[in-house]
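Each chain, letter by letter, is given below.
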Amino acid sequence: MRLTPDVCVVGAGSGGLVVAAGAAQLGLDVVLIERGEMGGDCLNFGCVPSKALIAAARAAQAQRSGSAFGIAAVEPRVDFARVMDHVAETIAAIAPNDSVERFEKLGVRVLKEQARFAARTELLAGPHRIRSKRIVLATGSRPAVPPIPGLAEAPYLTNETIFANRTLPSHLIAIGGGPIGLELAQAFRRLGARVTVLEAMSFLAKDDPELSTVVLQHLMDEGVELRAGAKIVDGTAVILDGGELIDGSHLLVATGRTPTVDGLDLDKAGIAHTPHSITVDSGLRTTNRNVWAIGDCNGLYAFTHMAGYEASLFIRGALFRAPARLDHSIVPWTTYTDPELAQVGLSEQAARAQHGDGIKVVRWPFADNDRARTERVNDGLVKAIADRRGRILGAAIVGPNAGELIQPWCLALSRRLKMSAMASFVPPYPTLGEASKRAAGSYFTEALFGARTRKLVRFLARLPVW
Ligand SMILES: Cc1cc2nc3c(=O)[nH]c(=O)nc-3n(C[C@H](O)[C@H](O)[C@H](O)COP(=O)(O)OP(=O)(O)OC[C@H]3O[C@@H](n4cnc5c(N)ncnc54)[C@H](O)[C@@H]3O)c2cc1C
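Thresholds, definitions, all that
- Residues numbered from 1 in each chain as written.
- Predicted model: local features only at pLDDT ≥ 70, side-chain atom pairs only at ≥ 80, totals over all residues.
- Heavy atoms only, no water.
- Helix = DSSP H or I, 4+ residues; strand = E, 2+ residues; numbered from the N terminus.
- Contact = heavy atoms within 4.5 Å.
- Areas by Shrake-Rupley, 256 points an atom, 1.4 Å probe, with all protein chains shown as cover.
- Lys, Arg positive; Asp, Glu negative; His and termini not counted.
- Charge placed at Lys NZ, Arg CZ, Asp CG, Glu CD.
- Patch = residues over 30% accessible without salt bridge, like charges linked within 9 Å, V, L, I, M, F, W, Y side chains within 5 Å.
- Salt bridge = Lys/Arg side-chain N within 4 Å of Asp/Glu carboxyl O.
- Buried < 20%, exposed > 50% of the residue type's maximum accessible area, 1.4 Å probe, protein only.
- Pairing = 2+ DSSP bridges.
- Axes fitted to C-alpha atoms, helices over the stretch in contact; angles between N-to-C directions.
- Parallel < 35°, antiparallel > 145°, perpendicular 65-115°, else oblique.
- Left-handed = near helix turned anticlockwise from the far one by under 90°.
- Nonpolar A, V, L, I, M, F, W, Y, C, P; charged D, E, K, R; others polar.
- Near = heavy atom within 4 Å.
- Polar contact = N/O pair within 3.5 Å; in protein donor to acceptor, adjacent residues only side chain to side chain.
- Core = buried A, V, L, I, M, F, W, Y, C linked by side-chain atoms within 4.5 Å.
- Expected span 1.5 Å × (residues − 1).
- Disulfide = S-S within 2.5 Å.

Some points on the overall build of the protein chain
Secondary structure assignment for the protein chain yields 16 helices and 24 strands. Here the contacts in the protein chain between residues at least 6 apart in sequence split such that 64% fall between residues at least 24 apart. On the protein chain, roughly 22,600 Å² of surface is accessible, and the fraction owed to carbon and sulfur atoms is 54%. For the protein chain, the distance from the average site of its 52 positive side-chain charges to the average site of its 47 negative ones is 10 Å.

Below is the structure:
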């Protein structure tokens, strides 16, 4: 069948669904092509199952950690199959939002097929031939498997298979010390598994070490074995380069993501790409002016919120013909370990590289936050960076709910606010969020309580009261 929609979207994950829903609600004729599960990685194999598992693990950990409050600590009895039922139920509860039925109700024509290009503005999907002037590729990514000898033959799990496993590993070996590896490592440890994480380089390498150290210490305190600089020379049995054998019951590969660019016949449409990304300009347009690439497949950022943001840029730029450029200075991310680790904008290191030593770094530790003390949170901090004129360049938080606490900083970055704005709102007391205001306020401590201000205030104090 021949179709000629206004917009054709390939991939019904975090990015593709936002484009399809937005364009359909704007009254356009939309075709959405999905070869696998509606909802893509985030719903089925990523954010949702991992956060559901983390929530179950937190419930288990709460039973172990009451003694400081006078509540007897007990070792939780974990029914792992029931935990995985909870994970599946959570996916099922969210799935209707991303379903074929919901999108068809919005007026989207959904084709459950594999799509590939036949020409510059033409796609083939099963029996369909789709011609459109606006094609959006939102094909996502898949687990990157490192070229470790023997690994391909070993029975290993990835994010695509681990949430279907219903047996608690006695010893889970995770390869990869990034956010995915560490979130799952802590969750499995809390649910009762022995866990070893092997990382060839350093853990949480994209985050500020001043903050990531706090996360790593918590993981080690809970018994997660972390091995940095671990070079695996044989993946069949997990043997390190010194000859040490790491003997586990289950192996998880969490060594990053490879954007999905294969199977699309991109060359037939004149779309430049590498094995690792589809090339896009700052408006997310590919080298074919009728085709855009958003989300994980363009290799820029592998986060659901970035796929959604990029989808909104397509709608703005291609449908409203308004200026739409990806703003790299406002990108947030969170690692959902306990404590959480959240970052937005520039890290201290990146800010120094871009702005030199003119930047100012401020901090507020949770040890100086009353609410944190009531919760017996003694470590963690808010750290923020501003330029010479006080414009906020970035912020990072390690602590409970850091992914929520970072949000005022996300707003500040996207509205280009200064530290004065973050220092002058009134947060309710006692909240962890006060730490952000106090960090911003400390930007002014020196000037406010310095010799010149003190002299001025002493002078004013001698004047008659007015
Ligand atoms: C374990 C894990 C945890 C994560 N946790 C978080 C988190 O907490 N927060 C966060 O922001 N991000 C998280 N992510 C990342 C997040 O899942 C991705 O960034 C997001 O799903 C990317 O969305 P997307 O639309 O680019 O691709 P996807 O959501 O992967 O969708 C792509 C879709 O395209 C389809 N497709 C591909 N090729 C074709 C084709 N040729 N024809 C038809 N269909 C095709 C695929 O089947 C897939 O359904 C996590 C990822 C993992 C693996």
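Right, picking up where we left off after that structure.
Focus on a nonpolar patch on the surface
On the surface, a cluster of nonpolar side chains totalling about 450 Å² of accessible area is made up of Leu456, Val457, Phe459, Leu460 and Leu463. In this fold, Phe459 is placed in helix 16 (residues 451–462). Owing to a relative accessible area of 44%, Phe459 belongs among the partly exposed residues under this scheme.

A word on the sheet that holds strand 3 (residues 30–33)
Read from one edge to the other, the open sheet built from 5 strands follows the order 4-3-2-8-19, with strand pairing classed as parallel. Either end of the sheet is taken by a strand with one partner, and the two such strands are strand 4 (108–111) and strand 19 (291–293). Ignoring strand direction, the axes of neighbouring strands in this sheet form an average angle of 20 degrees. Pairing of strand 2 (residues 7–10) with strand 3, which is carried by 4 bridges, proceeds in the parallel orientation. The partner of Val7 across the bridge, within strand 3, is Val30. Running at roughly 165 degrees to strand 3, helix 1 (residues 14–25) makes contact with strand 2, strand 3, strand 4 and strand 8 (135–137) of the sheet.

Concerning the packing of helix 3 (residues 47–64) against helix 4 (residues 80–94)
The interhelical angle for the contact between helix 3 and helix 4, taken along N-to-C directions, is 135 degrees, at an axis separation of 9 Å. On the basis of the axis angle, helix 3 is oblique to helix 4. Classified by chirality, the crossing of helix 4 by helix 3 is right-handed. Across the interface between the two elements, Val48, Pro49, Ala52, Leu53 and Ala56 of helix 3 pack against Val83, Met84, His86, Val87, Thr90, Ile91 and Ile94 of helix 4. For the contact of helix 3 with helix 4, the class distribution of residues is 10 nonpolar, 2 polar and no charged.

Quick notes on the site of the ligand
As a matter of local geometry, the ligand sits amid 36 residues, with Gly15, Glu34, Lys51, Asp296 and Thr304 nearest to it. Backbone polar atom of Asp41 to an oxygen atom of the ligand: 3.2 Å apart, as the coordinates give it. Notes on the ligand: free accessible area 1,000 Å², of which the protein chains cover 93%. Among the secondary structure elements, those contributing two or more residues to the shell around the ligand are helix 1, helix 2 (40–44), helix 3 and helix 8 (304–319). Along the lines of polarity and charge, the residues of the shell around the ligand split into 13 nonpolar, 15 polar and 8 charged.

Structural notes on the sheet that holds strand 22 (residues 360–365)
Spatial strand order, 20-21-24-23-22: 5 strands in an open sheet with antiparallel pairing. Whereas interior strands pair on both sides, the edge strands pair on one side only; in this sheet they are strand 20 (332–335) and strand 22. Each strand of the sheet is rotated relative to its neighbour by a mean of 10 degrees, with strand direction disregarded. As defined by bridge partners, strand 22 adjoins strand 23 (residues 381–386) across 6 bridges and the pair is classed as antiparallel. Across the sheet, residue Val362 finds its bridge partner in strand 23, namely Ala384. Packing against the sheet, helix 14 (residues 434–442) makes contact with strand 22, strand 23 and strand 24 (392–399), and its axis sits at approximately 145 degrees to strand 22.

Structural notes on the nonpolar core
Within the largest apolar cluster, 63 residues are counted, with the highest numbers of intra-cluster contacts made by Leu32, Phe314, Phe366, Trp409 and Met419. Here the element with the most residues in this core is helix 8; it accounts for 8 residues. If sequence neighbours within four positions are ignored, Met419 has contacts with Val362, Ala384, Ile385, Ala386, Gly390, Ile392, Trp409, Ala440, Tyr443 and Phe444.

Some details on the side chain of Asp387
Tracing the chain through its elements places Asp387 in the loop between strand 23 and strand 24. The residues contacting Asp387, other than those within four sequence positions of it, are His355, Gly358, Leu393 and Tyr443.

Looking at helix 6 (residues 179–190)
The end-to-end C-alpha distance of helix 6 is 17 Å, a good match for the 16 Å that 12 residues give at a rise of 1.5 Å each. Burial analysis of helix 6 places 9 of its 12 residues in the buried class, the great majority of the element. Restricting attention to buried positions, one finds in helix 6 the residues Gly181, Leu182, Glu183, Leu184, Ala185, Gln186, Ala187, Phe188 and Arg190. Looking one or two places after helix 6, you find Gly192, whose phi comes out positive at around 115 degrees.

Quick notes on the state of the cysteines
This model, assessed by the stated rule, comprises 1 disulfide. One disulfide bridge connects Cys42 with Cys47, the sulfur atoms lying 2.5 Å from each other. Where Cys42 bonds to Cys47 through sulfur, the torsion about that S-S bond is close to -130 degrees, and the disulfide is left-handed. Cysteine Cys8 is unpaired, with the sulfur of Cys297 as its nearest cysteine sulfur at 13 Å. On the basis of relative accessibility, which here comes to 0%, the residue Cys297 falls in the buried class.

Some words on the pairing of strand 5 (residues 115–119)
In this sheet, strand 6 (residues 122–125) lies alongside strand 5 in antiparallel orientation, the contact comprising 4 bridges. Residue Phe117 lies in a different strand from strand 6, and its bridge partner there is Leu123. Here strand 5 hands over to strand 6 after 2 residues, the two strands then running antiparallel side by side.

Some thoughts on the pairing of strand 7 (residues 128–131)
A one-sided burial pattern is seen for strand 7, the buried positions being His128 and Ile130 and the unburied ones Arg129 and Arg131. Both strand 1 (residues 2–3) and strand 7 contribute to a ladder of 2 bridges, which runs parallel. Considered in strand 7, the bridge of Arg2 is made with Arg129. Across 4 bridges, the pairing between strand 6 and strand 7 is antiparallel. Of the residues in strand 7, the one forming a bridge with Ala125 is His128.

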